[in-house]
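Read off the chains here:
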Amino acid sequence: SQKIEQNSEALNIQEGKTATLTCNYTNYSPAYLQWYRQDPGRGPVFLLLIRENEKEKRKERLKVTFDTTLKQSLFHITASQPADSATYLCALRNQAGTALIFGKGTTLSVSS
Amino acid sequence: GAVVSQHPSWVICKSGTSVKIECRSLDFQATTMFWYRQFPKQSLMLMATSNEGSKATYEQGVEKDKFLINHASLTLSTLTVTSAHPEDSSFYICSAKDRGGDQPQHFGDGTRLSIL
């Protein structure tokens, strides 16, 4: 069955450093992959979508890569700030192509 | 940007009560809406997918008679948890998607349901 794994539950870094989060998936060949941010007690907020024919996508301090051979996506936040502290979720379409399924997320803590 | 409004944000009620949660897309027409459930420190688990005017498609293991979903219009879907019990306590989040295969899903802010 489809599986999405985000490498670690928690990541702690210092302000100004680059945070790198990993998403691996198995038993699926997605046409695209999405990243969301979730704050405690809130719904996820869409950040970036990257398609299978795109190796890299950027938005301000965010960068996402997508390696369909490795079945992996990397999510980078450069010049991290305490306000970036949140849980980041990787998401793929389910087999039916009708809805998103999510990884467990990585909780990022940026300390000043 | 696309806004999804979910109401109420917090419900506390007695066991056996039925609870209705509303999900509205405010500035776009949502042909498809989704309901997720999230336990603490867990991922979002898809419960069901609903298309406007048709019956919802439930994921395996989700009781359709317990979690009634109605998607009567392009901007409103409701989830009713019938005869709720303490084990139904969770964070329920709705999501809506505009037309187009690779459009992102937009999420409401969730409903924290606590059954005593």
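Look up: the structure comes first, before these words.
Every chain's residues receive numbers from 1 upward, in the order its sequence appears when written. Just so you know, chain letters begin at A and ligand numbers begin at 1, following the order they were written in. Since the coordinates come from a predicted model, pLDDT governs what is reported: local features require at least 70, and pairs of side-chain atoms require 80 or more to be given and counted, while whole-chain, interface and lining totals use all residues. For side-chain calculations, the full set of non-hydrogen atoms in the structure is used, while hydrogens and water are omitted.

J.: Sorry, what's going on with the overall build of chain A here?
T.: A count of helices and strands for chain A gives 0 helices and 11 strands. A run of H or I in DSSP becomes a helix once it reaches four residues, and a run of E becomes a strand once it reaches two; helices and strands are each numbered from the N terminus. The secondary structure elements of chain A, listed N-terminal to C-terminal, are β-β-β-β-β-β-β-β-β-β-β. The principal-axis extent of the C-alpha atoms belonging to chain A is close to 45 × 30 × 20 Å. Long-range contacts, defined as pairs at least 24 residues apart, comprise 53% of the intrachain contacts of chain A with a sequence gap of at least 6. Accessibility throughout is a Shrake-Rupley quantity obtained with a 1.4 Å probe, and a residue counts as covered only by protein chains that appear here. Carbon and sulfur atoms make up 47% of the accessible area of chain A, which totals about 5,600 Å². Under this rule, positive means Lys or Arg and negative means Asp or Glu; His and the chain ends count for nothing. A charged residue contributes its charge at one atom only: NZ of Lys, CZ of Arg, CG of Asp or CD of Glu. The positive charge centre, built from 14 side chains, and the negative charge centre, built from 10, are 2 Å apart in chain A. By the convention used here, residues are in contact when the closest approach between their heavy atoms is within 4.5 Å.

J.: Even after reading the chapter, I still don't get the sheet that holds strand β7 (residues 67-73) of chain B, so can you show me in this structure?
T.: Paired through backbone hydrogen bonds, the strands of a sheet run either parallel or antiparallel to each other. All names here are of chain B. Criterion used throughout: strands pair if DSSP finds at least two bridges between them. What the 4 strands build is an open sheet, ordered β1-β3-β8-β7; its pairing is antiparallel. Lying at the two open borders of the sheet, with one neighbouring strand each, are β1 (4-7) and β7. Neighbour to neighbour, the strand axes of the sheet diverge by 15° on average, direction disregarded. Looking at chain direction, β7 and strand β8 (residues 76-81) are connected through 5 bridges and run antiparallel. Pairing of Asn-70 across the sheet is with Thr-78, part of β8. To obtain each axis, a line is fitted to C-alpha atoms, and for helices this fit is confined to the stretch in contact; angles are then taken between N-to-C directions over 0 to 180 degrees.

J.: Could you clarify how one ought to interpret the interface of chain A and chain B in this entry?
T.: In many reports, interface size means the accessible area that the parts give up when they come together. Contacts between chain A and chain B engage 20 residues on the former and 19 residues on the latter. Across the chain A/chain B interface, buried area totals approximately 1,600 Å², and carbon plus sulfur atoms make up 51% of it. Summed over both partners, buried area is the accessible surface (1.4 Å probe) that two parts give up on being assembled. Considering only the side of chain A, the residues that lose the most area to chain B are Pro-44, Phe-102 and Lys-104 of chain A, jointly responsible for 25% of the buried surface there. Put simply, a salt bridge is a Lys or Arg side-chain nitrogen that is within 4 Å of an Asp or Glu carboxyl oxygen. Counting across the chain A and chain B interface gives 1 salt bridge. Residues Asp-109 of chain B and Arg-42 of chain A are paired through a salt bridge, measuring 2.8 Å at the closest nitrogen-oxygen approach. Counted as a polar contact is a pair of N or O atoms within 3.5 Å, where, for protein atoms, one must be capable of donating a hydrogen and the other of accepting one, and residues adjacent in sequence contribute only when both atoms are in side chains. Run the count over chain A and chain B and you get 9 residue pairs in polar contact (both at pLDDT 80 or more). Elements with a minimum of two residues in the side of chain A that touches chain B: β4 (32-38), β5 (45-51), β9 (86-93) and β10 (100-102) of chain A.

J.: What should I look at first to understand the sheet that holds strand β8 (residues 72-77) of chain A in this one?
T.: Residue and element names in this part refer to chain A. If you walk across this open sheet you meet the 5 strands as β1-β3-β8-β7-β6, and the pairing is antiparallel. Single-partner strands in this sheet number two, and they are β1 (3-6) and β6 (56-59). Taken over all neighbouring pairs, the strand axes of this sheet differ in orientation by 15° on average, direction set aside.

J.: Is there a simple way to think about the environment of Arg-37 of chain A in this case?
T.: Residues and elements named next belong to chain A. For Arg-37, the position within the fold is in strand β4. Sequence separation between Arg-37 and Ser-112 is 75 residues; the distance between their C-alpha atoms is 20 Å. With residues near it in sequence (within four places) discarded, Arg-37 still touches Gly-43, Pro-44, Val-45, Leu-47, Ala-83, Asp-84, Ser-85, Ala-86, Thr-87 and Tyr-88. Among the polar contacts listed, one links the side chain of Arg-37 to the backbone oxygen of Ala-83, at a separation of 2.8 Å.

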